[in-house]
Protein chains: 2
Amino acid sequence: MARIVIIGGVAAGAKAAMTARRRNPGLEIVVIQEDAELAYSACGIPYHLAQPETIPRARLIARTADELAREGIVVRARVRAEAIELGARAVFVRDLEHGRTGVEPFDRLLLATGAAPIAPPYWIDAAGPPVVTLRRLADIDRCRPPDTGSVVVVGGGPIGVEAAEAYRSLGCRVTLVERLPRLFASLPDSIGDAVQAELERHGIRIITDSSVARTVRTGVELESGETIPASLVLQAAGIRPRTELAEAAGIRIGTTGAIAVDRRQRTSAVGVYAAGDCAESRHRLTDRPVWLPLGDVANRQGRVAGENLAGGDAEFPGVLGTMIVSVFGLAMARTGLTAIEADRAGFEPIGVEVTAPSRARYMPGAEPIRLCLVADRPSRRVLGAAAVGRDGIGRTIDILATAIWAGLTVDDVAELDLAYAPPYSPVFAVPQVAAELLRPKPRLAPSGG
Amino acid sequence: MARIVIIGGVAAGAKAAMTARRRNPGLEIVVIQEDAELAYSACGIPYHLAQPETIPRARLIARTADELAREGIVVRARVRAEAIELGARAVFVRDLEHGRTGVEPFDRLLLATGAAPIAPPYWIDAAGPPVVTLRRLADIDRCRPPDTGSVVVVGGGPIGVEAAEAYRSLGCRVTLVERLPRLFASLPDSIGDAVQAELERHGIRIITDSSVARTVRTGVELESGETIPASLVLQAAGIRPRTELAEAAGIRIGTTGAIAVDRRQRTSAVGVYAAGDCAESRHRLTDRPVWLPLGDVANRQGRVAGENLAGGDAEFPGVLGTMIVSVFGLAMARTGLTAIEADRAGFEPIGVEVTAPSRARYMPGAEPIRLCLVADRPSRRVLGAAAVGRDGIGRTIDILATAIWAGLTVDDVAELDLAYAPPYSPVFAVPQVAAELLRPKPRLAPSGG
């Protein structure tokens, strides 16, 4: 009976274990997990932070260790994988409760070690506010809002803005410090500006173009010299793939810094797979490796890895970098390439920015959607989109993500047969309005001929 | 200077006029419209009926005759086209205010005559409740809720259920009479059942499998003999394309009963186009003509017709029959073919029905989506979908409408890179959950080999 060992059991690891179990009941499957909890939604943690009563911690857990055990998956919780011996086909482990070491032999191995926050690059005053990160469910208790209610969030990416909203909704004074001149700076200016305005409208102070110099007893000192009072500092400026185990075992690391995998999630070592935040993906438009540590990508990769661990032959067809972030009900989403990214990848990007209503303009609930659409001039293929608004953003981006996946042109998108009724959409959905503007219009003779 | 005459100015006609004007400023463009108002959203009328203060009548009008005139479009309002003389290139018209007749010569002609309600097939008692239809903006005053507050709606299609909701929300007692055994009977049972349950939950009585025998002084008598008190009867059981003008001119009518057009919206007569509810469409999956009198189809066809009237060479790429209907916040939507339609069209349909949450299951606002997905067994291409639920139905159907448009397979849909964040969607969107279930899963050896 083949023995499968999976290191990491949050998203990709848990999904792979479940998939392998369902696909092949004869396998022995062992999941090694550092924390007590596994199979949880890491993306849900900021929402639990904001609404611990409505969304209790236990709700984030899709399956407990006991439930996985009942499905015949052996869970080694509070156990750390310390080394992989490829020749011996074994993982050396340490029990974090008792310190005992042991060996987990494997026929096939999955690395689902995830990602870890980058250590703060500034000096931390031991007498100052705690500097915490919000990534694992085990982090949550350290991240609860302080009594004094002053929080500095360092980093304006998705986790940073979600956490800033959570603290603000709990009544804290919140300052968000972003190193770049703008939030979501890789997207068109109007997108980041809209997100920033929304955060500020809710009383969050945003300091862009700024870095933390050090923490001090009373808070955070910026490079500018300004001191911001804080009783808690949430460090949300960057994560890195956890590749130490793979590197030590001689498994190839890709150009992005994450573990290199082929379409079957196979690493450079025979019988060793990687999936989730520790692994690279292939971008469908550029055909280049990218590192996109996102929950849905982890789950899709985990499913492919699980299928293949079970003896199947599944392929992961790549990613478009689709994502969506919520700030106080304003949604910001993107898919595919920006114009700059498209240009770098060798396309000839053309773009348009439109603002159009999410529903028939006379209906209550209609909200403006701002959409930036990018296409390739010669082929007319849609390449990317970014959108911001209070209604219909997920739908807008999902239509375009599906269109880009399929290689549709602006002509196709302009003519798509989408679901229209006044309470749900305008006659021409926003992607169609934008696509129509990108269609070349040959000049017609004034005579009408 | 070429002279364009457009008969009908609601959706397709108004869109064509605006498109032709923008594309070719040198044209003379004349729109002939029976009613005083044009360029309005017919789909918005039930919402105006329900909320006349929030959505006043004027808000439904995208452009008034004056506004069109300022853009150089001549509007002949309250004028009826009575005959088309193809040889003479002229439309004979009658002014409905003064009875004067006239002639509108044309170089190119667009028929955008729309559709009309089918006359009630039952005896109407002149002393009984008024029997009205709700199709044109001019109908609205006759359709206002009666003081006594008892309305019978005949017909359980989109207009019927939207009107029933409107009357109910205005406090009327509402009975809906449907000839077939189920609402939306062409869709899977669970869809129509959910819509019916929602209407009933809001106090609307639904009588299926039943027809009106006649109206009587106090209301409506059914074939069963039951009399339902009513002071207003809304007849919403069927419409027909308005093809009389075309037929009389010898223009070809298609197998569906609507005006036959090619991809350029050209009729059988040289220089004569048709678009909107009076014209056929081509179904992209079956490549057969269908008649789909829907507002968004009318607008898309109108755009193509307008481009070609102006001397362009646009093609209408066809339809998928996508639609969405709202009943008290519950959405019902469909796209593509049902299993029965797919079978008739020569496909080998396989189907699945799933219920899965619209957002991460732990998030407030997550609602179940019931989705029926149909695919073709040999090619694995997605063929159709129907969905019902309170959240995310438009998004679900639009993802699938885009996928079907592009010819994607269940494998593609299962792996799409969509926008995931807990407040907006689950890790695997409902179309992906359903598509995954339709992927063939070859049996894996228990040994894992």
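Everything quoted here is computed from the prediction, not taken from an experiment.

Participant: Can you walk me through the overall build of chain A in this structure?
Facilitator: Within chain A, the regular secondary structure consists of 11 helices and 25 strands. Against the 2.2 N^0.38 benchmark of 22 Å for 449 residues, chain A shows a C-alpha radius of gyration of 24 Å, consistent with a compact globule. Contacts in chain A between residues at least 24 apart in sequence constitute 63% of all its contacts with a sequence separation of at least 6. A total of about 17,000 Å² of accessible surface is found on chain A, and carbon and sulfur atoms cover 50% of it. In chain A, which carries 52 positive and 52 negative side-chain charges, the distance between the mean positions of the two groups comes to 2 Å.

Participant: Where do I start with the pattern of salt bridges in this structure?
Facilitator: Close approach of charged atoms allows side chains of opposite charge to pair. Going through the model one piece at a time under the given rule, you end up with 82 salt bridges over all chains. Linking Arg136(A) and Glu34(A) is a salt bridge whose minimum nitrogen-to-oxygen distance equals 3.6 Å. A residue pair is termed long-range when its members are at least 10 positions apart, and Arg136(A) in the loop between strand 9 (131-132) and strand 10 (150-154) and Glu34(A) in the loop between strand 2 (28-33) and helix 2 (45-50) qualify at 102 residues. Look at Arg136(A) and you get partly exposed, because its relative accessible area is 29%. Between Glu97(A) and Arg78(A) there is a salt bridge, and its shortest N-O distance comes to 2.9 Å. Of this pair, Glu97(A) sits in the loop between strand 5 (90-95) and strand 6 (101-105) while Arg78(A) sits in the loop between strand 3 (73-77) and strand 4 (79-85), and the two are 19 residues apart along the sequence. Judged by relative accessible area, Glu97(A) falls into the exposed class, the value being 53%. Here the salt bridges do not stand alone but share partners, grouping Arg303(A), Arg380(B), Asp411(B), Glu415(B), Glu436(B), Arg439(B) and Lys441(B) into one network.

Participant: Which parts of the structure should I look at to understand the nonpolar core?
Facilitator: Ranked by internal contacts, the top residues of the largest apolar core, which has 86 residues, are Leu373(A) and Leu373(B). The residues contacting Leu373(B), other than those within four sequence positions of it, are Ile350(B), Gly351(B), Val352(B), Val382(B), Gly384(B), Ala385(B), Leu400(B), Pro431(B), Ala434(B), Ala435(B) and Leu438(B).

Participant: How should I be thinking about the relation of the copies chain B and chain A in this particular structure?
Facilitator: One chain copy maps onto the other through a rotation about an axis and a shift parallel to that axis. Overlay of chain B on chain A (RMSD 0.0 Å): rotation 180°, translation along the axis 0.0 Å. Within this description, the copies of the chain are treated as partners about a two-fold rotation axis. Closest approach to the rotation axis among the C-alpha atoms of chain B is made by Arg395(B), whose C-alpha sits 2.3 Å away. Same-surface contact between copies: 100% of interface residues of chain B are shared with the interface of chain A.

Participant: What exactly am I supposed to notice about helix 1 (residues 12-23) of chain B here?
Facilitator: Side chains that are three or four residues apart share a direction in an α-helix, a result of its 3.6 residues per turn. All names here are of chain B. Helix length check: helix 1, at 12 residues, gives a terminal C-alpha distance of 16 Å against a target of 16 Å (1.5 Å per residue), a fit within 8%. Counting buried residues along helix 1, 11 of its 12 residues qualify, which places the element largely inside the surrounding structure. Every buried residue of helix 1 is accounted for by Ala 12, Gly 13, Ala 14, Lys 15, Ala 16, Ala 17, Met 18, Thr 19, Ala 20, Arg 21 and Arg 23. Buried positions along helix 1 lie against strand 1 (3-7), strand 2 (28-33), helix 3 (65-70), strand 3 (73-77), strand 7 (108-111) and helix 7 (295-309).

Participant: Is there a simple way to think about unusual backbone geometry in this case?
Facilitator: Apart from glycine, the bulk of residues carry a negative phi angle, and the bulk of peptide bonds sit in the trans form. Within the chain, Phe328(A) stands out as a residue other than glycine whose phi angle is a positive 50°. When you line up the elements, Phe328(A) lands in the loop between strand 21 (323-327) and strand 22 (330-336). With a phi angle near 60°, Asp287(B) is a residue other than glycine that sits in the positive phi range. Tracing the sequence through the fold places Asp287(B) in the loop between strand 19 (281-282) and strand 20 (289-290).

Participant: Can you help me understand the sheet that holds strand 5 of chain A in this one?
Facilitator: As a general point, the strands of a sheet are linked pairwise by backbone hydrogen bonds and lie either parallel or antiparallel. Residues and elements named next belong to chain A. Strand order in the open sheet formed by three strands is 4-5-6, and the pairing between neighbours is antiparallel. Strands with a single pairing partner mark the edges of an open sheet, and in this sheet they are strand 4 and strand 6. If you compare each strand with its neighbour and ignore which way they point, the axes differ by 30° on average. Taken together, the five bridges between strand 5 and strand 6 define a ladder with antiparallel strand orientation. Across the sheet, Phe 92 pairs through a bridge with Val 103, a residue of strand 6.

Participant: Explanation requested: the interface of chain B and chain A in the structure shown.
Facilitator: How big an interface is tends to be reported as the loss of accessible area on association of its parts. The interface of chain B with chain A comprises 82 residues on the first partner and 82 residues on the second. Roughly 6,600 Å² of surface becomes buried between chain B and chain A when both sides are summed, with 57% attributable to carbon and sulfur atoms. Per-residue buried area on chain B facing chain A is highest for Tyr362(B), Asp417(B) and Leu444(B); these three make up 12% of the total on that side. One can count eight salt bridges joining chain B with chain A. A salt bridge links Asp398(B) to Arg395(A), with the nearest nitrogen and oxygen atoms 2.6 Å apart. Residue assignment for the side of chain B that touches chain A shows that the elements contributing at least two residues are helix 1, helix 7, strand 21 (323-327), strand 22 (330-336), helix 9 (393-405), helix 10 (410-415) and helix 11 (430-437) of chain B. Looking at the side of chain B that touches chain A element by element, the count peaks at nine residues for helix 9 of chain B.

Participant: Mind showing me how you'd approach the packing of helix 9 (residues 393-406) of chain A against helix 9 of chain B here?
Facilitator: Helix packing geometry: the angle between the two helix axes and the distance between the axes. Between helix 9 of chain A and helix 9 of chain B, whose axes approach to 9 Å, the crossing angle comes to 15°. Between helix 9 of chain A and helix 9 of chain B, the angle is such that the two are roughly parallel. Where helix 9 of chain A crosses over helix 9 of chain B, the two elements pack in a sense that is right-handed. Judged by residue contacts, Gly394(A), Arg395(A), Asp398(A), Ile399(A), Thr402(A) and Ala403(A) of helix 9 of chain A engage Gly394(B), Arg395(B), Asp398(B), Ile399(B), Thr402(B) and Ala403(B) from helix 9 of chain B. Broken down by class, the residue content of the contact of helix 9 of chain A with helix 9 of chain B amounts to four nonpolar, four polar and four charged.

Participant: Quick question: what am I supposed to make of the side chain of Arg334(B) here?
Facilitator: All names here are of chain B. The topology assignment puts Arg 334 in strand 22. Side-chain polar atoms of Arg 334 contact the backbone oxygen of Gly 336, separated by 2.9 Å. Every residue in contact with Arg 334, bar those within four places of it in the chain, is listed here: Ser 186, Leu 187, Gly 321, Thr 322, Met 323, Glu 341, Ala 385, Ala 386 and Ile 397.

Participant: Looking at this structure, how should I read the packing of aromatic side chains?
Facilitator: Each aromatic ring pair is summarised here by two numbers: the centre-to-centre distance and the angle between the ring planes. Enumeration over the complete set of coordinates arrives at zero aromatic pairs over all chains. The ring of Trp405(A) carries Arg284(A) above its face, with NZ or CZ at 3.7 Å from the centroid.

Participant: When you look at the pairing of strand 14 (residues 219-222) of chain B in this model, what are you seeing that I'm missing?
Facilitator: Within a regular beta strand, the side chains point alternately toward one face of the sheet and then the other, so they alternate between its two faces. Residues and elements named next belong to chain B. Examined bridge by bridge, strand 13 (residues 212-216) and strand 14 share four bridges and lie antiparallel to one another. Considered in strand 14, the bridge of Thr 215 is made with Val 220. Where strand 13 folds back onto strand 14 in an antiparallel hairpin, the turn is made up of two residues. Pairing of strand 14 with strand 15 (residues 227-229), which is carried by three bridges, proceeds in the antiparallel orientation. Considered in strand 15, the bridge of Gly 219 is made with Pro 229. Between strand 14 and the antiparallel strand that follows it, strand 15, lie four residues; Gly 225 among them carries a positive phi value of about 100°.

Participant: So what exactly am I meant to see when it comes to the environment of Arg263(B) here?
Facilitator: Residue and element names in this part refer to chain B. Tracing the backbone through its elements, the reader meets Arg 263 in the loop between helix 6 (244-248) and strand 18 (272-274). Through-space distance from the C-alpha of Arg 263 to that of Gly 318 is 7.8 Å; in sequence the pair is 55 residues apart. Discounting chain neighbours no more than four positions away, the residues touching Arg 263 are Arg 282, Asp 287, Val 304, Ala 314, Glu 315 and Phe 316.

Participant: I'm lost on the packing of helix 1 (residues 12-23) of chain A against helix 7 (residues 295-309) of chain A in this one. Help?
Facilitator: Residues and elements named next belong to chain A. For the pair helix 1 and helix 7, interaxial distance at closest approach is 7 Å and the crossing angle is 35°. Seen along the crossing, helix 1 lies across helix 7 with a hand that is right-handed. Between helix 1, through Ala 12, Lys 15, Ala 16, Thr 19, Ala 20 and Arg 23, and helix 7, the contact on the second element is made entirely by Ala 298, Asn 299, Gly 302, Arg 303, Ala 305, Gly 306, Glu 307 and Leu 309. For the contact of helix 1 with helix 7, the residue count by class is six nonpolar, four polar and four charged.

Participant: Looking at this structure, how should I read the sheet that holds strand 5 (residues 90-95) of chain B?
Facilitator: Residues and elements named next belong to chain B. If you trace the three strands from one edge of the open sheet to the other, you get 4-5-6, paired in antiparallel fashion. Either end of the sheet is taken by a strand with one partner, and the two such strands are strand 4 (79-85) and strand 6 (101-105). Neighbour-to-neighbour, the strand axes of this sheet turn through a mean angle of 30°, independent of strand direction. Where strand 4 meets strand 5, six bridges bridge the pair, whose relative direction is antiparallel. Paired with Glu 85 across the two strands is Ala 90, which belongs to strand 5.

Participant: Would you mind showing me how to read the environment of Gly365(B) here?
Facilitator: Residue and element names in this part refer to chain B. The topology assignment puts Gly 365 in the loop between strand 23 (349-357) and strand 24 (368-376). On the accessibility criterion, Gly 365 (37% relative accessible area) is partly exposed. For the pair formed by Gly 365 and Val 177, sequence separation is 188 residues and the distance between their alpha carbons is 33 Å. Excluding anything up to four places from it in sequence, Gly 365 contacts Ser 358, Arg 359 and Asp 391.

So, how was this worked out
Residues numbered from 1 in each chain as written. Chains lettered and ligands numbered in written order. Predicted model: local features only at pLDDT ≥ 70, side-chain atom pairs only at ≥ 80, totals over all residues. Heavy atoms only, no water. Helix = DSSP H or I, 4+ residues; strand = E, 2+ residues; numbered from the N terminus. Rg over C-alpha atoms; globule rule 2.2 N^0.38 Å. Contact = heavy atoms within 4.5 Å. Areas by Shrake-Rupley, 256 points an atom, 1.4 Å probe, with all protein chains shown as cover. Lys, Arg positive; Asp, Glu negative; His and termini not counted. Charge placed at Lys NZ, Arg CZ, Asp CG, Glu CD. Salt bridge = Lys/Arg side-chain N within 4 Å of Asp/Glu carboxyl O. Buried < 20%, exposed > 50% of the residue type's maximum accessible area, 1.4 Å probe, protein only. Core = buried A, V, L, I, M, F, W, Y, C linked by side-chain atoms within 4.5 Å. Least-squares fit on C-alpha atoms with pLDDT ≥ 70 in both. Expected span 1.5 Å × (residues − 1). Pairing = 2+ DSSP bridges. Axes fitted to C-alpha atoms, helices over the stretch in contact; angles between N-to-C directions. Buried area = accessible area lost by both parts, 1.4 Å probe. Parallel < 35°, antiparallel > 145°, perpendicular 65-115°, else oblique. Left-handed = near helix turned anticlockwise from the far one by under 90°. Nonpolar A, V, L, I, M, F, W, Y, C, P; charged D, E, K, R; others polar. Polar contact = N/O pair within 3.5 Å; in protein donor to acceptor, adjacent residues only side chain to side chain. Phe/Tyr/Trp six-rings, centres within 6.5 Å; stacked < 30°, edge-to-face > 60°. Lys NZ or Arg CZ within 6 Å of the ring centre and 35° of its normal.

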